[in-house]
Amino acid sequence: MCFGAVSPLFITFVVIMKSIVYIIFALSLLSVCACGGADNARQQAETRQREDSAALKVGVLPTEDCLPVILAGRMRLYDTLGVSVRLKYYKALSECGRALKDSLVEGAVIDSTLMAWLNGQGVGLSSELRTDMHWQLLTAKKARISRLSQLVDKIIAADSHGESHRLAELAIDSLTRKGQLVFIVQVEDLGVRLSMLNTGNVDAAMLPEPYASKARKAGARVIGQVKSRPAGVVAFREKAMRSETRQKQLELFKKAVAMAKDSISINGLSHYKELMDMKYLEIYRK
């Protein structure tokens, strides 16, 4: 059988149709892959959410009194004891308090003064551990203040409802009883408080370690050093900790922290300075 010559137009048509088929096939394949990838990402997100929900979540700051809780994670003591703990890092005690109030964490390292205030707000906290909270009253290099009596008409930065505010009031009590004015302003973020002290935007500030050391290196002067009555606490929401599972997690958490404290006692705080500096930088680089 004999056929006539194939038209160039027909050949072009065939080529175009083949190209369209290939494109449709490629797009279909990409769609399937994308759906599969999206499903995998969604499944992974759901898995992480379930794991995070089941874990014991504890709010901490990059401060010295939080070191045992942080170190227990660094040494993988929680994993060794078989308890899932998620440490949530914050920049202010008030942020830890808000996280407790909003049920974002089961527990947090705060102080007894803040805990009492939060309980007054109906949060329902109980203290499970004590921490070695240590505050220093420092004055700015620019302020040239070396004595408490020189704080008249000056500004001290502290928090709003926590121990540093109480201690600031205690430090200036002899002045205020004489009717002399000293202003305590609320600066919750410890990093901001340190910066304001170093730049002379406030005359004095209540700071814990390692913030106090950074202030001293910048020329700040210590005029008051108060070791709280043991005021540092690891507080947990009572409602969140009622189940047997949570109680078991809590006991293992406390055991891991006790082991970390033993390591600090043996090696000394200076041995873990690098860890604290690293956590400080991690938080303030965000």
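Residues numbered from 1 in each chain as written. Predicted model: local features only at pLDDT ≥ 70, side-chain atom pairs only at ≥ 80, totals over all residues. Heavy atoms only, no water.

Quick notes on the overall build of the protein chain
If you tally the helices and strands in the protein chain, you get 11 helices and 10 strands. Residues classed as buried in the protein chain amount to 41% of the 286 residues present. Long-range pairs, those at least 24 residues apart, make up 78% of the contacts in the protein chain with a sequence separation of at least 6. As presented, the protein chain carries roughly 15900 Å² of accessible surface, and 56% of it is formed by carbon and sulfur atoms. (Helix = DSSP H or I, 4+ residues; strand = E, 2+ residues; numbered from the N terminus. Buried < 20%, exposed > 50% of the residue type's maximum accessible area, 1.4 Å probe, protein only. Contact = heavy atoms within 4.5 Å. Areas by Shrake-Rupley, 256 points an atom, 1.4 Å probe, with all protein chains shown as cover.)

Some remarks on the pairing of strand E3 (residues 107-111)
With 5 of 5 residues buried, E3 is to be regarded as a mostly interior element. The side-chain alternation of E3 yields two buried faces, one formed by Gly107, Val109 and Asp111 and the other by Ala108 and Ile110. In this sheet, E3 lies alongside strand E1 (residues 56-60) in parallel orientation, the contact comprising 2 bridges. Across the sheet, the residue bridging to Gly59 is Ala108, located in E3. Bridge count for E3 against strand E10 (residues 232-237) is 5 bridges, and the pairing is antiparallel. Residue pairing across strands places Asp111 opposite Gly232, the latter belonging to E10. (Pairing = 2+ DSSP bridges.)

Observations regarding the nonpolar core
Grouped together as the largest cluster of nonpolar side chains are 74 residues, with contacts concentrated most on Tyr78, Ile110, Leu151, Ile156, Leu197, Leu207 and Phe253. It is helix H10 (residues 244-267) that contributes the most residues to this core, 7 residues altogether. Not counting residues within four places of it along the chain, the set of residues in contact with Ile156 comprises Leu137, Leu151, Ala168, Ile172, Val182, Phe183, Ile184, Val185, Ala204, Ala205 and Met206. (Core = buried A, V, L, I, M, F, W, Y, C linked by side-chain atoms within 4.5 Å.)

Here's the deal with helix H11 (residues 273-284)
Spanning 12 residues, H11 covers 17 Å between terminal C-alpha atoms, matching the ideal 16 Å at 1.5 Å per step. Within the span of H11, buried status applies to Leu275, Met276, Lys279, Tyr280 and Ile283. The buried residues of H11 occupy one face: seen down the axis, they fall within an arc of 135°. Tucked into the core, H11 has its buried residues touching helix H2 (67-74), strand E2 (85-89), helix H8 (190-198) and helix H9 (211-217). (Expected span 1.5 Å × (residues − 1). Arc of directions from axis to C-beta.)

Structural notes on the pattern of salt bridges
A complete count under the given rule lists 12 salt bridges for this structure. With a shortest N-O distance of 3.2 Å, Glu209 and Arg216 are connected by a salt bridge. Its relative accessible area of 11% is what places Glu209 among the buried residues. Taking relative accessible area as the criterion, Arg216 reaches 36% and is therefore assigned partly exposed. (Salt bridge = Lys/Arg side-chain N within 4 Å of Asp/Glu carboxyl O.)

So, the environment of Leu67
Position of Leu67 among the secondary structure elements: in helix H2. The sequence separation of Leu67 and Val257 amounts to 190 residues, and the corresponding C-alpha distance is 9.3 Å. Not counting residues within four places of it along the chain, the set of residues in contact with Leu67 comprises Ile264, Leu269, Tyr272, Leu275 and Met276.

Digging into the packing of H2 against H10
It is at 8 Å that the axes of H2 and H10 come closest, and there the two elements cross at 100°. Viewed along their axes, H2 and H10 adopt a mutual orientation that is roughly perpendicular. In contact with Leu67, Pro68, Val69, Leu71 and Ala72 of H2, H10 contributes Phe253, Ala256, Val257, Ala260, Lys261, Ser263 and Ile264. Class assignment of the residues belonging to the contact of H2 with H10 gives a composition of 10 nonpolar, 1 polar and 1 charged. (Axes fitted to C-alpha atoms, helices over the stretch in contact; angles between N-to-C directions. Parallel < 35°, antiparallel > 145°, perpendicular 65-115°, else oblique. Nonpolar A, V, L, I, M, F, W, Y, C, P; charged D, E, K, R; others polar.)

So, the packing of aromatic side chains
Applying the stated criterion to the full structure yields 3 aromatic pairs. Here the aromatic rings of Phe236 and Phe253 are separated by 5.7 Å at their centres, their planes lie at 75°, and the arrangement is edge-to-face. Here the residue Phe236 occupies a position in strand E10, and Phe253 occupies one in helix H10, the gap between them amounting to 17 residues. The burial state of Phe236 is the same as that of Phe253; both residues are buried. (Phe/Tyr/Trp six-rings, centres within 6.5 Å; stacked < 30°, edge-to-face > 60°.)

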